[in-house]
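Given next are the chains, with one letter for each unit.
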Amino acid sequence: MSLAGRKAPRAWPAALHLLLFAAIIAIPLLALLGAMFYRSAVQEHRRLERLIGQELAELIASLERDIERRTAVLQTLATAPALEAEDWASFHRQAKASLGKNYLVLTDSTGRQLVNTFVPHGTEPGFTGDLATIETMRRSMRPVVSNLFTSPVAKRPVYNVSIPIPTAGGTGLRYAMSLGLFPEDLRRLLQDQHLAADWTTEIWDRKGVILAHSHEQERRLGETVPERWREQPLGRVVQGRSLDGERVLVASDRTATGGWTVRVSVPARLVDATTRELLWAWGVAAALVTLLTGVTAYVFGVGFTGPLGATARGAAALGRGDPVEVGDTRIVEVNAVNHALREAAERLEQSRTALRYSEQLLGTAADVAHFGAHQYDAVHDRVHRSPQIRRILGVGPGEDRDLESALDFVHPDDRKEVGLRKRQILASEQQYQLTYRIRRPDGEVRWVMDRGQVERDAAGKALRVVGLLVDITDLKEAEERQRLLFEELNHRVKNTLAIVQSLAQQTQRSKSDPQEFTRAFGERIMALSRAHDLLTRTAWRGALLNQVVSAVLDPFSAYAGRIEVSGDAVELPTSITIALALMLNELATNAAKFGALSIDAGRIEISWTVTPMKTQDGEGVVVDFIWQEHEGPPVAPPKHRGFGSRLLAASAQQIKGELDAQFAPEGLRCRLRFPVPARTS
């Protein structure tokens, strides 16, 4: 057939071809954008779930720490000589002076009250209102956190943190000591998390009764949670309903101590709002893509395939764990994805490096974790010791010994009791744990913990005992140091209360407005608290100067990039630590309000040098501490001396320091020179 006779294909205008080409480009691109927005929505949802889980974990950890702190207070009071001497009047005074607004209840094993610091001594009710805790501790001999109940003396809902005090033989309950606490403390704990206003947190006890609610404490206290809340799976973020019926994302979990349940919830409308925003963004992006691709598809269409292909290969390489090699292109969206891929690859490599380092640390720890193993053949009366146990006993390789001669290493004062216990273990026990002293051949006395298990035949006759001997001398020495620290606790508390009283009086004089007083006094109390936290971690032996600076400036972390800290290592005693923490808090607060931190360009340099000096007690040092503000608002000397200035001067005088404050126009400069005496212990 001739060309003239062939049927011509249907022709389309060039504009239509370009529009079709634009549609071919736009449709996949719109789909890709939709997928990316969908992925963003999913990731936002997952981020919120992770955040809920993190806040829940932090809240449970804070609650556990609070219970542990309460238990530590009780354990400290349990060592009081007045308690051992049953001098209830003296113990009542000591406990009341130590506990502040909380109160202590001491009962015998039947629940009869011996001491109740909520009322004057001698007017205690007959029996405690929390008999369930007494019964629980009688069975377990472990600390107990009670459910919410109404105190017969306080006439309001309370809960108890209680510890058992065993009898002299350690086999029964002698006393039960309880710390009466008010649910308001738990609400403050919830508020200390500083969550957004839309977030809600609750705590309820083992019976499902609410102890604390972050927003409606008075209304919800004592209310029983819905059954659907108690049936919710623990540790997972799920859809749920609030007490008012609002749809929420919620996660809950139980505390290890006390078995209370903590719940964190976020309104689902926050997630819905994010989804709507993403849909709007996708709609706008779709319109723009449709318009732009219709104009530029023909010119730039070819340029998309290469960069997208490289991005896809980079994503595949990331999935396989291979190196990601993606460079920048002229396409912003592709560059954003490539940048995310590179960052993900870097984070993945960092995670692998951290994992390898952790494995090395774990391996090293396993190599150096030594203990001694022993085995007793009850049939042939032979004791076998491992090389590690011989090193603990301080002897070289030797022949196996019988049970009686093996007790030669037990300290003479403990030998009779240990021998008797081991014979009792062989006769009737399955597992055992003993703590006693040994005396090595060189005369050194060590403490050991002997734990093991008895293997018996079908008739119950002992065949073999396998056990471990662990050197716990350091632990015993630590316990002795802790006992001495507990004796200092009352003195420390009195000093702290005196400081708080002084702060309150001085702040009230300079801040007549109640709100200003509350804010200023709260900031100074928190600075004192951070200093106490730092000292607690070192058993009140003092703290390093750089640790004090870091602890005080922690609330100002938003300015971290504008605060430079440098200085030599120097350890401060307790008195200097507290005074310096209050001074640094005052300087930082003033800088954030009126000084260098109040504008974006301002910055602060904190530095110090250490110079040796001679003292009567030995070698001490002089610290030359400088606080210098730069590029802040113009500075002028104050027209009157406020509490901050008096606090700085009084604190400097307290630590026998020399304070020089210069209000130069370029920024405040404070120089503090103070001596640090030689450490005596």
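What counts as what
Residues numbered from 1 in each chain as written. Predicted model: local features only at pLDDT ≥ 70, side-chain atom pairs only at ≥ 80, totals over all residues. Heavy atoms only, no water. Helix = DSSP H or I, 4+ residues; strand = E, 2+ residues; numbered from the N terminus. Contact = heavy atoms within 4.5 Å. Salt bridge = Lys/Arg side-chain N within 4 Å of Asp/Glu carboxyl O. Buried < 20%, exposed > 50% of the residue type's maximum accessible area, 1.4 Å probe, protein only. Pairing = 2+ DSSP bridges. Axes fitted to C-alpha atoms, helices over the stretch in contact; angles between N-to-C directions. Expected span 1.5 Å × (residues − 1). 1 Å grid on protein atoms, 1.4 Å probe; cavity = no way out; pocket = protein on both sides within 12 Å on 5 of 7 lines; lining within 4 Å. Points joined across faces, edges and corners; volume = space filled by probe spheres on them. Nonpolar A, V, L, I, M, F, W, Y, C, P; charged D, E, K, R; others polar. Parallel < 35°, antiparallel > 145°, perpendicular 65-115°, else oblique. Left-handed = near helix turned anticlockwise from the far one by under 90°. Phe/Tyr/Trp six-rings, centres within 6.5 Å; stacked < 30°, edge-to-face > 60°. pLDDT = per-residue confidence, 0-100. Polar contact = N/O pair within 3.5 Å; in protein donor to acceptor, adjacent residues only side chain to side chain.

Next up on the list: the side chain of Thr200. Tracing the sequence through the fold places Thr200 in strand β7 (residues 200–204). When sequence neighbours within four positions are dropped, the list of residues in contact with Thr200 reads His213, Ser214, His215, Arg263, Val264 and Ser265.

Okay, the pattern of salt bridges next. In the structure shown here, the tally under the stated rule is 35 salt bridges. Between Glu216 and Arg219 there is a salt bridge, with the nearest N and O atoms lying 2.7 Å from each other. By relative accessible area, which is 22% here, Glu216 ends up partly exposed. Arg219 sits in the exposed class, given a relative accessible area of 52%. One salt bridge connects Asp624 with Arg673, and the closest N-O pair in it is separated by 3.9 Å. Of the two residues, Asp624 sits in strand β21 (residues 618–630) while Arg673 sits in strand β23 (residues 667–676), which places them 49 residues apart along the sequence. Note on Arg673: relative accessible area 34%, which makes it partly exposed. Each member of the salt-bridge network shares a partner with another, and the members are Asp66, Arg69, Arg70, Lys101, Asp185 and Arg188.

With respect to topology, five strands assemble into an open sheet ordered β8-β7-β11-β10-β9, the strand pairing being antiparallel. Edge positions in the sheet fall to β8 (210–213) and β9 (238–241), since each of these pairs with one other strand and no more. Neighbour-to-neighbour, the strand axes of this sheet turn through a mean angle of 35°, independent of strand direction. Looking at chain direction, β9 and strand β10 (residues 247–254) are connected through four bridges and run antiparallel. Within β10, the residue paired with Val238 across the bridge is Val250. Most of the contacts of helix α5 (residues 183–191) go to β8, to which it runs at about 40°, and overall it touches β7 and β8.

This part is about the sheet that holds strand β15 (residues 445–456). Taken together, the five strands give an open sheet; going across it, the order is β13-β12-β16-β15-β14, and neighbouring strands pair in antiparallel fashion. In this open sheet, the two strands that pair with only one neighbour each are β13 (382–385) and β14 (431–439). Taken over all neighbouring pairs, the strand axes of this sheet differ in orientation by 25° on average, direction set aside.

Let us now look at helix α13 (residues 412–428). Its 17 residues place the ends of α13 25 Å apart at the C-alpha level, agreeing with the 24 Å of an ideal helix rising 1.5 Å per residue. Among the residues making up α13, those that are buried are Asp414, Val418, Gly419, Lys422 and Ile425.

To continue, consider empty space enclosed by the protein. As enumerated under the stated definition, the model contains three cavities of 30 Å³ or more in all. Volume-wise, the largest cavity comes out at about 310 Å³. Surrounding the largest cavity, 20 residues form its lining, His374, Val383, Lys422, Tyr436 and Asp450 being those nearest its centre. Going through the elements one at a time, β12 (372–377), β13, α11 (387–393), α12 (403–406), α13, β14 and β16 (462–471) are the ones with two or more residues in the lining of the largest cavity. Considered class by class, the residues forming the lining of the largest cavity number 16 nonpolar, one polar and three charged.

Along strand β11 (residues 261–267), seven of the seven residues are buried, which leaves the element largely enclosed by surrounding structure. A two-sided burial pattern is seen for β11, the buried positions comprising Thr261, Arg263, Ser265 and Pro267 on one face and Val262, Val264 and Val266 on the other. Alignment of β7 against β11, held across five bridges, turns out to be antiparallel. In the strand pairing of β11, Ile203 is matched with Val262. Pairing geometry for β10 and β11, over seven bridges, is antiparallel.

What follows covers the packing of helix α16 (residues 545–553) against helix α17 (residues 574–593). Running from N to C, α16 and α17 cross one another at 45°; their axes reach a closest spacing of 9 Å. In this view, α16 runs oblique relative to α17, as classed from their interaxial angle. Considering how the two elements wind past one another, α16 and α17 form a crossing that is right-handed. Between α16 and α17, the contacting residues are Leu545, Val548, Val549, Val552 and Leu553 on the first element and Thr577, Leu580, Ala581, Leu584, Asn585 and Ala588 on the second.

Our focus in this paragraph is the packing of aromatic side chains. What the rule picks out here adds up to six aromatic pairs. Ring centres of Trp88 and Tyr175 lie 5.5 Å apart, and the angle between their planes is 90°; on these two criteria the pair is classed as edge-to-face. One end of the pair, Trp88, is in helix α3 (residues 88–99); the other, Tyr175, is in strand β6 (residues 173–181), with 87 residues separating them in the sequence. Taken as a pair, Trp88 and Tyr175 share a single burial class, namely buried. Note on Trp204 and Trp229: the rings are 5.6 Å apart at their centroids and 35° apart in plane angle, and the pair reads as tilted. With Trp204 in strand β7 and Trp229 in helix α7 (residues 227–230), this residue pair connects regions lying 25 residues apart in the sequence. Overall, the relative accessible area of 3% leaves Trp204 in the buried class.

Overall, the predicted model of the protein chain reaches an average pLDDT of 80, with 81% of residues at or above 70. Contacts for the low-pLDDT stretch residues 362–370, under 50 throughout, to residues beyond four places or in other chains number zero contacts.

Its location among the elements puts Arg437 in strand β14. Along the backbone, Arg437 and Trp447 are 10 residues apart, and their C-alpha atoms lie at a distance of 4.5 Å. Not counting the four nearest positions on each side in its chain, Arg437 is found in contact with Phe409, Val410, His411, Asp413, Asp414, Val445, Arg446 and Trp447. Looking at Arg437, its side chain comes within polar contact range of the side chain of Asp414, at 3.0 Å.

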